[in-house]
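Chain residues, written in single-letter form:
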Amino acid sequence: MRVEIEGVPQGAIEVELQLLPRIGETIKVMYGADAEVKGEVTGLQHYINQHANDHKVILTIRPVISPE
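Numbering of residues starts from 1 in each chain and follows the order in which that chain's sequence is written. The predicted origin of the model limits local features to residues at a pLDDT of at least 70 and limits the giving and counting of side-chain atom pairs to 80 or more, whereas totals for whole chains, interfaces and linings rest on all residues. Side-chain descriptors were evaluated using all non-hydrogen atoms of the structure, hydrogens and water having been removed beforehand.

A. Structural context of the pattern of salt bridges. What counts as a salt bridge is simple: a side-chain nitrogen of Lys or Arg found within 4 Å of a carboxyl oxygen of Asp or Glu. Under the criterion given, the structure shown has 4 salt bridges. Residue Arg2 is joined to Asp54 by a salt bridge in which the shortest nitrogen-to-oxygen separation is 3.0 Å. Note that Arg2 is positioned in strand 1 (residues 2-8) and Asp54 in strand 5 (residues 54-63), a separation of 52 residues in sequence. For Arg2, a relative accessible area of 32% puts it in the partly exposed group. Looking at Asp54, the relative accessible area reads 25%, which means it is partly exposed. Linking Glu40 and Arg62 is a salt bridge whose minimum nitrogen-to-oxygen distance equals 2.5 Å. Placement of the pair is Glu40 in strand 4 (residues 36-49) and Arg62 in strand 5, with a sequence separation of 22 residues. Buried, partly exposed and exposed residues are distinguished by accessible area as a fraction of the type maximum, computed with a 1.4 Å probe on protein chains only: under 20%, between the cut-offs, and over 50%, respectively. Among the residues examined, Glu40 registers a relative accessible area of 22% and is labelled partly exposed. For Arg62, a relative accessible area of 46% puts it in the partly exposed group. Counting from the N terminus, the helices are the DSSP runs of H or I reaching at least four residues and the strands are the DSSP runs of E reaching at least two.

This is the structure we're talking about:
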């Protein structure tokens, strides 16, 4: 399903996921050859449009900075 990830400094990132993370879990998304964002899931919303047969999930994350 289509998942939009919000809460990242770059704006929103849209990805395709088969499993949804739970609130409190940490995810890492690679969105470029050498670009990634890691964050804790703080919110999860479902957008369902029955007439258009559309289901979209919006994840909100709080970016986590890994110690180098």
